Amino acid sequence: MANTTETAFVRKEMLGAKEPPLTETGIVKWARENLFSGWLNSILTVLSILFVYWVLAHILPWMLGGIWDASSLTECRAIRDEIYGPDASVACWAVLTERWNQLLFGFYPSEAYWRPVLALVLFGVAVTPVLFSGIPRVFYALTAVAPFICYWLLWGGTIWGPIFVALGFVLGWIAFGVVSKAAGSLAGTIAAIIVPVLYWLFLDAPITGALGAAMPIGLEYIPSKDFGGFMLAFIIGITGIILSLPLGVLLALGRQSDLFIINKTSVIFIEVIRGVPLIVWLFTASLLLNYFLPPGTNFDLMLRVIIMVTLFAAAYMAEVIRGGLAALPKGQYEGADSLGLDYWQSMRLIILPQALKISIPGIVNTFIGLFKDTTLVVFIGLLDPIGLSNAIRATTDWNGVYWELFIFIGLLFFICCFSMSRYSQFLERKLRTDHR
Amino acid sequence: MKKSVFLGALTVAGLAAGVAGAATLDDVKARGALNCGVTTGLVGFAAPDANGNWDGFDVGVCRAVAAAVLGDPMAVNFVPTTGQTRFTALASGEIDLLARNTTWTFSRDVDLKFEFVGINYYDGQGFMVPKSLGVSSAKELDGATVCIQTGTTTELNLADFFRVNNISYEPVPIETNAEAQQQYLAGACDVYTTDASGLAATRASFENPGDHVVLPEIISKEPLGPLVRHGDPEWGDIARWTLNALIAAEELGITSANIEELSAGTNNPEINRILGTEGELGAMLGLDAEWAKRAIMAGGNYGELFEKTIGENTPIGLARGLNAQWTDGGLLYTPPFR
């Protein structure tokens, strides 16, 4: 090999990876693929962007330029004329600065605002063990007493009222334990219902009255007519949501039951309640009941509305859960039976956990619907946020304010409903076991 | 069988209502507060302020009655009622007095078994149009689109008016006054029709009230007044004569400014009888001698109340018109206190 020539160049190491072309990476690639992947799509994208710009160009200056400090619409307009000139269109948020407390709390006395706020915080703490796993079990005790504390915080009055009403539940529990050992679980269940009811009817009021007179510990009593705004929507909505779920489960099980009377009662209840619009039930609660109750009975309108809303939501809930029950294969029921579980055990340990998991989207859907339906109480004269917006508009100061109030109300409702929706999606992900 | 059960239940309900109707005065005194039904909000007539205190022309009647009966104009539980719930609330005893711009009609008085105790505002249905439309009379509105609140008597009055004048219109149904304002300003309708007081209040809330005119035609009679249940004439008398006392006070020149001075005694026997320094009018009603004095002091006489809530110096700016004293060419004419 004499005539070896020098090798011109041999690469010893690999070339570094080149930057991908500008059009194949990052935002440009994404935009090309998702926004401009053809002439038709490009045109549509441009048109959409123009539309969004057009909408924002009208709304944003109106919202951001809004006036926050004025005592009436006239004053708002005067300030606007000064700043922007007479033809500008800006929001008058001043109505919110002046009336936000009414939209949130209704006519609740302002020195007692801490009470509903504390009740809401307490409610938030009390539901965490139910909503999220991994919370110490002691918190369930708080969950059990929270309804009574919340009631006492909201309405006030003597502290003995809620305590001795709660005692009824304890009595029922004791009665169940004692009687079911002696005479079987059916007799135990009946005793667990009868004993507290007798106690509430005959013993509760005298004891509370006597103790209230002897040891007057309590908060200032605030009547239901002072409740309003979002507080009212929250109380009706949350109570309805909490009570309608167990009631709905019972109704759904009742509808599947082989026992004739239970089955037919559940079917009739569900179909009658579901077959009539909510607004009709609200009118029934507010108008018709008055004629049939003995004169002089003061059956709180808000309580009547809560009962109606709960029953209405329970009927829908029952059907949603029945869908979940129907989706379970027969083998699950048979498996539970073959393990020797009795009816309640099989429901509690095998059937319901699966059925409820399947029904989560439907259940939350019903919750959201129920929460928004609380605005219907405006038609029977309760001052919910919509009702209060009418009342605020009826003062000479704010007559003519329109969108500002509705935007505020819509925003608050959106926050609540969106949170519920996100939580349900979190729950679905957490409970997903099918490795899809 | 079912029918008889239902009828039986209705009878019981009727009896119960009758029992509830008796001795309203005692109930109110025992409760220490008057349950007064008002609207959920109507500009000038009833609305809560930022602190939750109700104020307005109808509210003034509630306060006057509370002052006469209980001695405290603030001892009123205001029960907001809607058009649908107001009559049941009164019939079932939930409220003692309904002061909610309710038109006095035959069927409400006779068939629904209520007792209108007087008229505190003479209203009537009118029309508002943009000035640019160039219309000066409602009879020129042929072919116009009209914003109208559904389910009210105004809807029927409108149909009658256009048929009588043989002209056509296209209704734009709307639900509330606030919605009507938006629709009308957005040009969804040429004309907005409702009670004249409502038109004035709506117009006053516009950016440029001068661009809109209220047409001169008033096409219906809407005598608005407070009402009570049938079956307790004594309570009805108290409400009626409290309202009359406010009207008579204006006629006789009793104002909240000079009432203390006048109640020391005057040469006018009727003033003395109203203010309780002469005669026993209060005792005849089952009240004390100073009932009317307190009622007048609650919010002033009729004229003062009117000026303060809906009169020409308020943003609503209603003229007295039909609601002036009979001596000034209006319709207010109270029977004598004798």
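Calculation rules
Residues numbered from 1 in each chain as written. Chains lettered and ligands numbered in written order. Predicted model: local features only at pLDDT ≥ 70, side-chain atom pairs only at ≥ 80, totals over all residues. Heavy atoms only, no water. Buried < 20%, exposed > 50% of the residue type's maximum accessible area, 1.4 Å probe, protein only. Helix = DSSP H or I, 4+ residues; strand = E, 2+ residues; numbered from the N terminus. Pairing = 2+ DSSP bridges. Contact = heavy atoms within 4.5 Å. Buried area = accessible area lost by both parts, 1.4 Å probe. Salt bridge = Lys/Arg side-chain N within 4 Å of Asp/Glu carboxyl O. Polar contact = N/O pair within 3.5 Å; in protein donor to acceptor, adjacent residues only side chain to side chain. Nonpolar A, V, L, I, M, F, W, Y, C, P; charged D, E, K, R; others polar. Patch = residues over 30% accessible without salt bridge, like charges linked within 9 Å, V, L, I, M, F, W, Y side chains within 5 Å. Areas by Shrake-Rupley, 256 points an atom, 1.4 Å probe, with all protein chains shown as cover. Disulfide = S-S within 2.5 Å. Arc of directions from axis to C-beta. Axes fitted to C-alpha atoms, helices over the stretch in contact; angles between N-to-C directions. Parallel < 35°, antiparallel > 145°, perpendicular 65-115°, else oblique. Left-handed = near helix turned anticlockwise from the far one by under 90°.

Pulling in residues and values, what's your account of the pairing of strand β9 (residues 144-149) of chain B?
All names here are of chain B. Among the six residues in β9, six count as buried, and that is most of the element. Alternating positions in β9 separate into two faces, Ala144, Val146 and Ile148 on one and Thr145, Cys147 and Gln149 on the other, with burial throughout. Pairing between β9 and strand β10 (residues 169-174): six bridges, direction parallel. Residue pairing across strands places isoleucine 148 opposite proline 173, the latter belonging to β10. Strand direction decides the pairing type here: β9 and strand β11 (residues 191-195), joined by two bridges, are parallel. Each residue of the ladder has a partner; that of cysteine 147, found in β11, is tyrosine 192.

How would you sum up the interface of chain B and chain A? Please name residues and give values.
Listed per partner, the contact involves 38 residues of chain B and 31 residues of chain A. Both sides of the chain B and chain A interface together cover about 2,800 Å² of buried area, and 61% of this is carbon and sulfur. Glu207(B) is the partner of Arg77(A) in a salt bridge, and the nearest nitrogen-oxygen pair spans 3.7 Å. The interface formed by chain B and chain A contains 10 residue pairs in polar contact (both at pLDDT 80 or more). Secondary structure elements with two or more residues in the side of chain B that touches chain A: α1 (2-21), β2 (47-48), β4 (76-81), α4 (86-91), α7 (177-185) and α8 (196-204) of chain B. No other element matches α1(B), which puts five residues into the side of chain B that touches chain A. For the side of chain B that touches chain A, the per-class residue count stands at 19 nonpolar, 15 polar and four charged.

I'd love a proper account of a nonpolar patch on the surface, names of residues and values included.
The grouping of Leu186(A), Ile190(A), Ile193(A), Ile194(A), Val197(A), Leu198(A), Leu201(A), Phe202(A) and Leu203(A) at the surface amounts to a nonpolar patch, some 910 Å² of accessible area in total. When you line up the elements, Ile194(A) lands in helix α8 (residues 185-214).

Can you lay out the state of the cysteines for me, pointing to particular residues and giving the numbers?
All names here are of chain B. Taken as a whole and assessed by the stated rule, the structure comprises three disulfides over all chains. Between the sulfur atoms of cysteine 147 and its disulfide mate cysteine 189 the distance is 2.0 Å. Taking the sign of the torsion about the S-S bond as the criterion, the disulfide between cysteine 147 and cysteine 189, at about -95 degrees, is left-handed. In this pair, cysteine 147 sits in strand β9 while cysteine 189 sits in the loop between α7 and β11, placing the two residues 42 residues apart along the sequence. Both residues of the pair, cysteine 147 and cysteine 189, belong to the buried class. The disulfide pattern of chain B is 1-2, 3-4 when the bonded cysteines are numbered in sequence order.

If you had to explain helix α2 (residues 24-31) of chain B to someone new, which residues and values would you point to?
Residues and elements named next belong to chain B. Listed in full, the buried residues belonging to α2 are Thr24, Leu25 and Val28. Each buried residue of α2 sits inside an arc of 100 degrees when the element is viewed along its axis, so together they form one side. Directly after α2, the chain includes glycine 32, whose backbone phi takes a positive value near 80 degrees.

I'd like a description of the packing of helix α9 (residues 229-256) of chain A against helix α16 (residues 403-430) of chain A, backed by residues and values.
All names here are of chain A. Packing of α9 against α16 leaves a shortest axis separation of 12 Å and a crossing angle of 25 degrees. Relative to α16, the element α9 lies roughly parallel. Crossing handedness for the pair α9 and α16: right-handed. Mapping the contact onto sequence places Phe230, Ala233, Phe234 and Ile241 in α9 and Ile409, Leu412, Phe413, Cys416 and Met420 in α16. Residues that form the contact of α9 with α16 fall into these classes: nine nonpolar, no polar and no charged.

With reference to specific residues and values, describe the side chain of Thr208(A).
Residues and elements named next belong to chain A. Within the secondary structure, threonine 208 sits in helix α8. Its relative accessible area of 13% is what places threonine 208 among the buried residues. Here the side chain of threonine 208 touches aspartate 204 through a polar contact of 2.7 Å, landing on its backbone oxygen. Threonine 208 has contacts with Thr158, Trp160, Gly161 and Phe164, leaving out every residue within four places of it along the chain.

Would you mind going over the pattern of salt bridges in detail, with residue names and values included?
All names here are of chain A. Scanning all chains against the criterion turns up 19 salt bridges over all chains. For arginine 255, the salt bridge goes to glutamate 271, with nearest N and O atoms at 3.1 Å. Taken together, the residues arginine 255 in helix α9 and glutamate 271 in helix α10 (residues 260-275) connect sequence positions 16 residues apart. Overall, the relative accessible area of 19% leaves arginine 255 in the buried class. The partly exposed category is assigned to glutamate 271, whose relative accessible area is 34%. A salt bridge links arginine 255 to glutamate 319, with the nearest nitrogen and oxygen atoms 2.8 Å apart. Highlighted residues: arginine 255 in helix α9 and glutamate 319 in helix α12 (residues 301-327), separated in sequence by 64 residues. The burial state of arginine 255 is the same as that of glutamate 319; both residues are buried. Where salt bridges share partners, they join Arg255, Glu271, Arg274, Glu319 and Arg322 into one cluster.

Summarise the environment of Asp190(B); cite the residues concerned and give the values.
Residue and element names in this part refer to chain B. On the secondary structure map, aspartate 190 appears in the loop between α7 and β11. Judged by its relative accessible area of 28%, aspartate 190 is partly exposed. Along the primary structure aspartate 190 and leucine 331 are separated by 141 residues, whereas in three dimensions their C-alpha atoms are 32 Å apart. Here aspartate 190 is in contact with Met128, Val129, Pro130, Leu133, Ala144, Thr145 and Tyr184, once residues within four sequence places are set aside.

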